[in-house]
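A closer look at the structure
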Amino acid sequence: MSEVYDCIVIGAGIQGSCSAYHLAKNKQKTVLLEQFVLPHSRGSSHGQTRIIRKAYEEDFYANMMQESYELWAQLEKEAGVKLYRPTGLLVMGPENGEVFSKLKATMQRNNIPSVFLEKHEFSQHIPNLNLTDGNGALIDNVAGVLFADRALRAVQGVYLSNGGVIKDGEKVIDIQPGDIVTVTTESGVYRGKSLVITAGPWANKLLTNTGLELPLKVVKINVCYWKEKVPGTYSVGHRFPCFIQLEPKEGEYDIYGLPSNEYPGLMKVCYHMGSETEPDERDKQTDRGDIDILKRYVSRCLPGLIPVPAIVESCMYTVTPDHHFVLDCHPTHRNIVIGAGFSGHGFKFGPIVGKVLSQLAMGEVPSQDLSPFRIQRFKSHSRSHL
Ligand SMILES: Cc1cc2nc3c(=O)[nH]c(=O)nc-3n(C[C@H](O)[C@H](O)[C@H](O)COP(=O)(O)OP(=O)(O)OC[C@H]3O[C@@H](n4cnc5c(N)ncnc54)[C@H](O)[C@@H]3O)c2cc1C
């Protein structure tokens, strides 16, 4: 018989790695299982940068980000590396639209340090960006860039130094629920008192083994980098912030951008949605409709960029119907904890998501209100076969 772990975590993306980190810090004997050899670029957590912000429409995300910032700072100290660069975040959107108004009100209610830019002062603060007519603009002053690859390495490193075990290149092929959960990989069998499933785009594939199916849609994102006509125009050095353009046109999803970083002279500007894919067939999804939307936006609003992407990389979102996360125990097997459906905005929450998932796995009361993230909200969508 193999040894019994306190907890098994499946998936070494940011959410699984942060869960494992909190478990190990709480002296839980933990094993983190990953199907690919680490590091890899086939899920959702690779790449060098992600936006971190408190600017949200919902109070519950603004609250969670308060704790998440503290936990990122703690991880920086423990790992001895810088994981965050403050740049500010410019949010633009239809001034009288619901989303922009709600976001502005939530920021004010939660005392998030911010500046509201009047139309006449916009170009003075943000050169080389054209504000669309009828759009309002505000800046989240505490937002910035997270160094994603570095953060993933850092959290896995601190996890290992706290006695955690990582088994990469081990795809989980079966889960047997029970008081002791048995997890079988292509090369071993693991037993645990609890199990955390953080499998990103593969969540439903794994949940099938537990008789549960969530309403998750996996989409491929074309990660586009655009060349600056004059190198440095959109760099942190020139104090260019991250930005989010809400509802660029009616019926379109948001567009977001980060100052040039990973490729000097290139700025990352992406569409916040993509086309549906199977996670193992990501590269067969070749739809570029999102790139056409981006080209039009870049031509219209970012005159300092050449409106053809110089580099296009791939990533995936796992999207729920309401774009909110799933952070909950399995409805039938309470020692199985699920973190899924991060809907393209989960990285910044990694440390707090890991903390609450670890608390659920240890049978503790989570430090955050998880009611917006319950599986039950999908009642008519999710199928429990057991
Ligand atoms: C282009 C892009 C831009 C983004 N920008 C932002 C941003 O600016 N700010 C932000 O906060 N968030 C952002 N996000 C979202 C964020 O990156 C994701 O929400 C987050 O990375 C999800 O992490 P995860 O751990 O759930 O998934 P993943 O990183 O996909 O991890 C899941 C892991 O589980 C493993 N796995 C799956 N099945 C098995 C199995 N059977 N056996 C073993 N292992 C398995 C996978 O191989 C994978 O490593 C962005 C995402 C993308 C794609």
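Bear in mind the structure is a predicted one, so any value in this text is a computation, not a measurement.

**What to know about the overall build of the protein**
- When you go through the protein residue by residue, the secondary structure sums to eight helices and 22 strands.
- Along the first, second and third principal axes, the C-alpha set of the protein runs to 70 × 45 × 45 Å.
- The buried share of the protein, reckoned over its 386 residues, is 56%.
- Pairs at least 24 residues apart make up 74% of the contacts formed inside the protein by residues separated by at least 6 positions.
- The averaged location of the 42 negative side-chain charges in the protein is 3 Å from the averaged location of its 41 positive side-chain charges.

**As for the nonpolar core**
- Counting 54 residues, the largest nonpolar core has Leu-90, Met-92, Phe-122, Phe-243, Val-269 and Leu-302 as its most contacted members.
- The contact partners of Leu-90, leaving out residues within four places of it in the chain, are Leu-117, Phe-122, Ile-126, Leu-129, Ala-137, Leu-138, Ile-139, Pro-241, Cys-242, Phe-243 and Ile-244.
- Counting residues in hydrophobic clusters, the runner-up holds 44 residues, among them Ile-14, Tyr-56, Trp-72 and Cys-329.

**Some points on the site of the ligand**
- Around the ligand sit 37 residues, and of these Glu-34, Ser-45, Ile-51, Cys-315 and Lys-348 come closest.
- In this structure, His-345 approaches the ligand through a main-chain N or O atom, which is 3.3 Å from an oxygen atom.
- Phe-347 is positioned with one of its backbone polar atoms (N or O) 3.1 Å from an oxygen atom of the ligand.
- Burial of the ligand by the surrounding chains reaches 97%, relative to a free accessible area of 1000 Å².
- Elements supplying a minimum of two residues to the shell around the ligand: helix H1 (14-25), strand E3 (49-52), strand E14 (217-228) and strand E19 (305-319).
- It is E19 that contributes the most residues to the shell around the ligand, three residues altogether.
- Grouping the constituent residues of the shell around the ligand by class yields 19 nonpolar, 13 polar and five charged.

**Thoughts on the sheet that holds strand E4 (residues 84-86)**
- An order of E3-E8-E4 is seen for the three strands of this open sheet, with the pairing classed as antiparallel. If you trace the sheet from one side to the other, it starts and ends with E3 and E4, each paired once. Adjacent strand axes in the sheet meet at a mean angle of 30°, parallel and antiparallel pairs treated alike.
- Taken strand by strand, helix H2 (residues 59-79) contacts E3, E4 and strand E8 (144-147), and its axis lies near 135° from that of E3.
- Of the strands in this sheet, E3 and E8 are in contact with helix H5 (residues 148-161), which crosses E8 at around 50°.

**Remarks on the pattern of salt bridges**
- Following the criterion strictly, the structure yields 13 salt bridges and no others.
- As a salt-bridge pair, Glu-76 and Lys-82 come within 3.7 Å of each other at their nearest N and O atoms.
- Residue Lys-82 is classed as exposed on the basis of its relative accessible area of 53%.
- Between Asp-322 and Arg-377 there is a salt bridge, and its shortest N-O distance comes to 2.6 Å. Here the residue Asp-322 occupies a position in the loop between E19 and strand E20 (326-329), and Arg-377 occupies one in the loop between helix H8 (350-361) and strand E22 (383-384), the gap between them amounting to 55 residues.
- A relative accessible area of 30% means that Asp-322 is categorised as partly exposed.
- A single network of salt bridges, built from pairs that share partners, joins Lys-205, Glu-278 and Asp-280.

**Observations regarding the domain arrangement of the protein**
- Here the protein is partitioned into domain 1 (4-46 + 149-212 + 323-384) and domain 2 (89-141 + 217-319).
- Counting residues at the interface gives 14 residues for domain 1, matched by 14 residues for domain 2.
- For the pair domain 1 and domain 2, the number of links is two salt bridges.
- A salt bridge links Glu-278 to Lys-205; its shortest N-O distance comes to 3.3 Å.
- Where domain 1 touches domain 2, the interface holds seven residue pairs in polar contact (both at pLDDT 80 or more).
- The residue makeup of the side of domain 1 that touches domain 2, split by class, is three nonpolar, nine polar and two charged.

**Overview of the packing of aromatic side chains**
- What the rule picks out here adds up to 17 aromatic pairs.
- Look at Phe-60 and Tyr-61: their rings are 4.7 Å apart centre to centre, the planes differ by 50°, and that puts the pair in the tilted class.
- In this structure Tyr-61 comes out as buried when scored by relative accessible area, which is 1%.
- Above the face of the Tyr-69 ring, Lys-54 is positioned so that its terminal group lies 5.2 Å from the ring centre.
- Lying across the ring of Phe-147, Arg-150 places its NZ or CZ 4.7 Å from the centre.

**Examining the side chain of Ser-343**
- By secondary structure assignment, the location of Ser-343 is in the loop between strand E21 (336-340) and H8.
- Classification of Ser-343 as buried rests on a relative accessible area of 2%.
- A polar atom in the side chain of Ser-343 sits 3.0 Å from the backbone oxygen of Gly-341.
- Leave out the neighbours within four places in its chain, and Ser-343 touches His-272, Tyr-317, Thr-318, Val-319, Thr-320, His-323 and His-324.

**Points about the pairing of strand E11 (residues 181-185)**
- Here E11 shows a buried face lined by Val-181, Val-183 and Thr-185 and an unburied face lined by Thr-182 and Thr-184.
- Two elements, strand E10 (residues 172-176) and E11, share four bridges in a ladder whose sense is antiparallel. Along E11, the bridge assignment pairs Gln-176 with Thr-182.
- In this structure, the hairpin formed by E10 and E11 is closed by a connection of four residues, where Gly-178 is found at a positive phi of approximately 155°.
- The pairing of E11 with strand E12 (residues 189-197) spans four bridges and is antiparallel.

Basis of the calculations
- Residues numbered from 1 in each chain as written.
- Predicted model: local features only at pLDDT ≥ 70, side-chain atom pairs only at ≥ 80, totals over all residues.
- Heavy atoms only, no water.
- Helix = DSSP H or I, 4+ residues; strand = E, 2+ residues; numbered from the N terminus.
- Buried < 20%, exposed > 50% of the residue type's maximum accessible area, 1.4 Å probe, protein only.
- Contact = heavy atoms within 4.5 Å.
- Lys, Arg positive; Asp, Glu negative; His and termini not counted.
- Charge placed at Lys NZ, Arg CZ, Asp CG, Glu CD.
- Core = buried A, V, L, I, M, F, W, Y, C linked by side-chain atoms within 4.5 Å.
- Near = heavy atom within 4 Å.
- Polar contact = N/O pair within 3.5 Å; in protein donor to acceptor, adjacent residues only side chain to side chain.
- Areas by Shrake-Rupley, 256 points an atom, 1.4 Å probe, with all protein chains shown as cover.
- Nonpolar A, V, L, I, M, F, W, Y, C, P; charged D, E, K, R; others polar.
- Pairing = 2+ DSSP bridges.
- Axes fitted to C-alpha atoms, helices over the stretch in contact; angles between N-to-C directions.
- Salt bridge = Lys/Arg side-chain N within 4 Å of Asp/Glu carboxyl O.
- Domains from an automatic or database assignment.
- Phe/Tyr/Trp six-rings, centres within 6.5 Å; stacked < 30°, edge-to-face > 60°.
- Lys NZ or Arg CZ within 6 Å of the ring centre and 35° of its normal.

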